[in-house]
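# Fold and geometry: a report
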Amino acid sequence: MFGLPAATVAIIFGIPAIWVIYTLTFVYLSRGWKAEDVAEDQLTAGGSGPATSAPGHRSEPENGGAA
């Protein structure tokens, strides 16, 4: 194609094609993640309303409170 070697054409079109396939696969497989998180939060809260925190979870900042 356009006088380029086959290996160059494969790299130029193959890598983006693989990336698109990878991205579409990730989007397809992760489509239900939010629903799983909501269900898990309801289980940890006993199923009554939104969960404020999981049992044994400390509510301090992850960085130890340092500003």
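A few points on the structure.

Cut-offs applied
- Residues numbered from 1 in each chain as written.
- Predicted model: local features only at pLDDT ≥ 70, side-chain atom pairs only at ≥ 80, totals over all residues.
- Heavy atoms only, no water.
- Helix = DSSP H or I, 4+ residues; strand = E, 2+ residues; numbered from the N terminus.
- Buried < 20%, exposed > 50% of the residue type's maximum accessible area, 1.4 Å probe, protein only.
- Areas by Shrake-Rupley, 256 points an atom, 1.4 Å probe, with all protein chains shown as cover.
- Phe/Tyr/Trp six-rings, centres within 6.5 Å; stacked < 30°, edge-to-face > 60°.
- Lys NZ or Arg CZ within 6 Å of the ring centre and 35° of its normal.
- Expected span 1.5 Å × (residues − 1).
- Bend = angle between axes of the 7 residues up to and from the residue.
- Patch = residues over 30% accessible without salt bridge, like charges linked within 9 Å, V, L, I, M, F, W, Y side chains within 5 Å.
- Salt bridge = Lys/Arg side-chain N within 4 Å of Asp/Glu carboxyl O.
- Lys, Arg positive; Asp, Glu negative; His and termini not counted.
- Charge placed at Lys NZ, Arg CZ, Asp CG, Glu CD.

Another aspect to go through is the overall build of the chain. Helix and strand counts for the chain stand at two helices and zero strands. Looking at the chain as a whole, 3% of its 67 residues qualify as buried. Within the structure as shown, the chain displays about 6100 Å² of accessible surface, and the carbon and sulfur contribution to it stands at 66%.

A few words now on the packing of aromatic side chains. Per the counting criterion, the structure on display carries two aromatic pairs. With a centroid separation of 5.4 Å and 35° between ring planes, the pair formed by Trp 19 and Tyr 22 is classed as tilted. Remark: Tyr 22 and Trp 19 occur in helix α1 (residues 6-29); sequence separation between them is three residues, near one turn of the helix. The burial state of Trp 19 is the same as that of Tyr 22; both residues are exposed. In this structure, Arg 31 packs its charged tip against the face of Tyr 28, placed 4.2 Å from the ring centre.

Let us look at α1. The terminal C-alpha atoms of α1, which comprises 24 residues, lie 33 Å apart, in line with the 34 Å expected from a rise of 1.5 Å per residue. At Gly 14, α1 shows its maximal bend, which comes to roughly 30°, and the proline Pro 16 appears one to four places after that position.

Moving on: a nonpolar patch on the surface. On the surface, Met 1, Phe 2, Leu 4, Ile 12 and Phe 13 cluster together into a nonpolar patch covering about 580 Å² of accessible area. Tracing the backbone through its elements, the reader meets Leu 4 in the segment before α1.

There is a patch of like negative charges on the surface, built from Glu 36, Asp 37, Glu 40 and Asp 41. Note that Glu 36 resides in helix α2 (residues 33-44).

Just distances and angles here, no functional claims.
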